[in-house]
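Take a look at the letters that make up each chain.
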Amino acid sequence: MSPDEPLTREKSWLSYTCEGRKKWKSLRALNLSRGMYHDVRRRLPYYWSDIADAWTYRVVASTIRMYFVNMLPAIAYTLDMYRRTGEFYGINEALFSSALAAMIFSVLGAQPLTIVGITGLISLFNYTIYDIVTIYEPAIYPNFMCWTAIWAAIFHWIVAVCNLCDYMRYVTDFSSESFGAYVGIIYCIKGVEELVNEFTTRGNTAGFMSTVIAILYFLTIYGLERLGSSTVWKPWFRGLLADYAYVIGTIFWVGFSHIPGSLKATHVSFVPITRAFYLTQPRGWLIHFWELDAKWVFAALPFGFLVMLLFYYDHNVSSLTAQARQFPLEKPAGFHWDFFLLGCTTFLAGITGIPMPNGLVPQAPVHTDSLTIYETSLRTISTSEGEGAEIRRPIVTATAVVEQRVSHFLMGLLIIGTMTRPLLVVLHTMPAAVFAGVFFTVGWGSIESNGILQKLIFLVRENRFIQRDEPLMTVRRRKIALYIACQVVGVAATVAISQTIAAIGFPILIIALIPFRVWIMPRWFSAEELDVMDDLTANNSAVLASLGGPPRFSGQPDNERFGLERRYSEQRFGSARQRAGSIHR
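Cut-offs applied
Residues numbered from 1 in each chain as written. Predicted model: local features only at pLDDT ≥ 70, side-chain atom pairs only at ≥ 80, totals over all residues. Heavy atoms only, no water. Core = buried A, V, L, I, M, F, W, Y, C linked by side-chain atoms within 4.5 Å. Buried < 20%, exposed > 50% of the residue type's maximum accessible area, 1.4 Å probe, protein only. Helix = DSSP H or I, 4+ residues; strand = E, 2+ residues; numbered from the N terminus. Contact = heavy atoms within 4.5 Å. Arc of directions from axis to C-beta. Polar contact = N/O pair within 3.5 Å; in protein donor to acceptor, adjacent residues only side chain to side chain. Salt bridge = Lys/Arg side-chain N within 4 Å of Asp/Glu carboxyl O. Phe/Tyr/Trp six-rings, centres within 6.5 Å; stacked < 30°, edge-to-face > 60°. Patch = residues over 30% accessible without salt bridge, like charges linked within 9 Å, V, L, I, M, F, W, Y side chains within 5 Å. Areas by Shrake-Rupley, 256 points an atom, 1.4 Å probe, with all protein chains shown as cover.

**Student:** Tell me about the nonpolar core, and name the residues and values.
**Tutor:** Soluble, globular proteins show a tendency: their nonpolar side chains are buried together. Core analysis: the biggest nonpolar cluster contains 144 residues, and Leu72, Ile75, Leu95, Ile129, Phe179 and Tyr182 have the highest contact counts within it. In terms of residues, this core owes the most to one element, helix 12 (residues 294–322), which gives 14 residues. Residues in contact with Leu72, not counting those within four places in the same chain, are Tyr67, Tyr217, Tyr246, Thr250, Met430, Phe435 and Val438. Among the nonpolar cores identified, the runner-up in size contains 9 residues, and Ala54, Leu113, Leu371 and Val401 belong to it.

**Student:** Quick rundown of the environment of Phe174? Include the residues and the values.
**Tutor:** Here Phe174 lies in helix 8 (residues 173–202). The class for Phe174 is buried, based on a relative accessible area of 0%. Residues Phe174 and Leu513, spaced 339 residues apart in sequence, show a C-alpha to C-alpha distance of 8.0 Å. Sequence-distant contacts of Phe174, defined by excluding residues within four places in its chain, comprise Tyr483, Cys486, Gln487, Leu513, Phe516, Arg517, Met521 and Asp534.

**Student:** Kindly report on helix 18 (residues 451–460), identifying the contributing residues and their values.
**Tutor:** Of all the residues in helix 18, the buried ones are Gly451, Ile452, Lys455 and Phe458. The buried residues of helix 18 occupy one face: seen down the axis, they fall within an arc of 120 degrees. Packing partners of the buried residues in helix 18 comprise helix 8, helix 19 (477–498) and helix 21 (527–533). With a side-chain oxygen positioned 2.9 Å from the backbone nitrogen of Ile452, the residue opening helix 18 is Asn450.

**Student:** Hey, could you go over the pattern of salt bridges for me, with residue numbers and the actual values?
**Tutor:** Across all of its chains, the model carries 19 salt bridges by this definition. The residue Asp173 makes a salt bridge to Arg325 at a minimum N-O spacing of 2.5 Å. Note that Asp173 is positioned in helix 8 and Arg325 in the loop between helix 12 and helix 13 (335–352), a separation of 152 residues in sequence. The network of salt bridges with common partners includes Asp80, Arg83, Arg84, Lys190, Glu193 and Glu194.

**Student:** I'd like a rundown of the packing of aromatic side chains, residues and numbers included.
**Tutor:** Counting across every chain of the model gives 33 aromatic pairs. Aromatic side chains Phe144 and Phe303 sit 5.4 Å apart centroid to centroid with 75 degrees between the ring planes, which places their arrangement in the edge-to-face category. Within this pair, whereas Phe144 is found in helix 7 (residues 141–161), its partner Phe303 is found in helix 12, the two being separated by 159 residues in sequence. The exposure class of Phe144 is buried, given its relative accessible area of 2%.

**Student:** Go over a nonpolar patch on the surface with me, naming the residues and quoting the values.
**Tutor:** A cluster of nonpolar side chains, Tyr57, Val60, Val232, Trp233, Trp236, Phe237 and Leu240, forms an exposed patch at the surface whose accessible area comes to about 710 Å². Tracing the backbone shows Val60 in helix 4 (residues 57–84). Residue classification places Val60 among the partly exposed positions, given a relative accessible area of 45%.

This is how it looks when you write it as structure tokens:
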């Protein structure tokens, strides 16, 4: 392959996505629905393979894993909403919302790897609106939430038709890592709140028992998943432990809470349930939204706009992380079409009175990871202890991803099955402490793998234990500290506002991370420094094609030429990692 061949392919990709046309900087706003049209056109030829490729064990393991990883946090957040919205949202509402989203996006979505369900952020939004509405007229809350969802759906459709998802091409690790850290911290906070509620409502004995179960549940799941990426035992056995970690941990610790004697006598709280396929409140499945006064209808409009802002960032970042650069994906993405679909599910959720679903940041990349085929090889490294002295290190490489839509669909069927009476009774045996453990597990998973934490570890690590080819070695430490500080300030501000009645404004802070990275950061850091510390969350051309092409990055002056210039630079001078040993700090 000649050095110019990647550039030729890149040029053809730019031409296909209209990147090379004149006046592209208008973001095709006047060419309505062009983004959705190309999303469907690109993905439709792969629809049959999305089904045929699913006949593999990885899909079975992924379905079971994602059923637990999706359902358990959804129920956990519903318990929080149940207490803080006057018992309006219950278990069946949460299950139906998750199943509805899974079925629609698995069948019709252009990005079936993106897991869609109930997030902690929409839970926060729902009970914050409840706190505001109850100040004036508590009885209107169901209708007010319905109109909030209707307005949000309208804004979703406008964004999709006007191709505004193109702006997500500006999302880099700076903003996605900050958002991931924020979500992880919120999950951990909710886990603590769940345990505090046990102490408050059930007493110290039940609270202590719940704390023990939650912590041990977290350690069980964490330990089993770490074994899966270790070199202990045979690959098939440790892979089995990692695939079914949630199944093993959940069954064991639910059973532990029912051991007769002193453990059972602690009287911890369990999941409240209703009749199969019935709502928590004595109402129908259709909200009478036409009965709300006009003043409240228009009062719901700004709340709907804020929901759209939240979903615009949350759902699209979920899709980006599910298709991030560490996964060797081959099939194209479709951000505009999926955002239009999200507007449809938001509308359906509003008129049926269930929580509005959207993309799940911690769970979406977990889904892709569960479908990724990894191979472990040994790399031999010569040491300085003498001739012939060598050490062998295991190297884990992602070789392929089972890109299909069946696992998401089957997960939706399982969630619908959970709404039947026998499985609802099983849910009722689950202590709330297990869901606190779920919060800790998913939250810490989002924090531990976060780039912010990795850079902090680099700063505090003793110099002699840092690999000489580490790209961060090319950047001055004070610049790394400044970069981390920018992220931490954004995360802290968002977490702080989320703990107040002004929490509905947190989507604005989240969205502000994008222009801050594009316009402010290049003033404080050189292009070379940003090239080392930051990168596109997803840089696969098949993914970026849906976003209209590569973005302006690190202060580069020409948006259209960025992808070509960066590839050309790497071909001539090497990548940032390859240049690490030759650039002085």
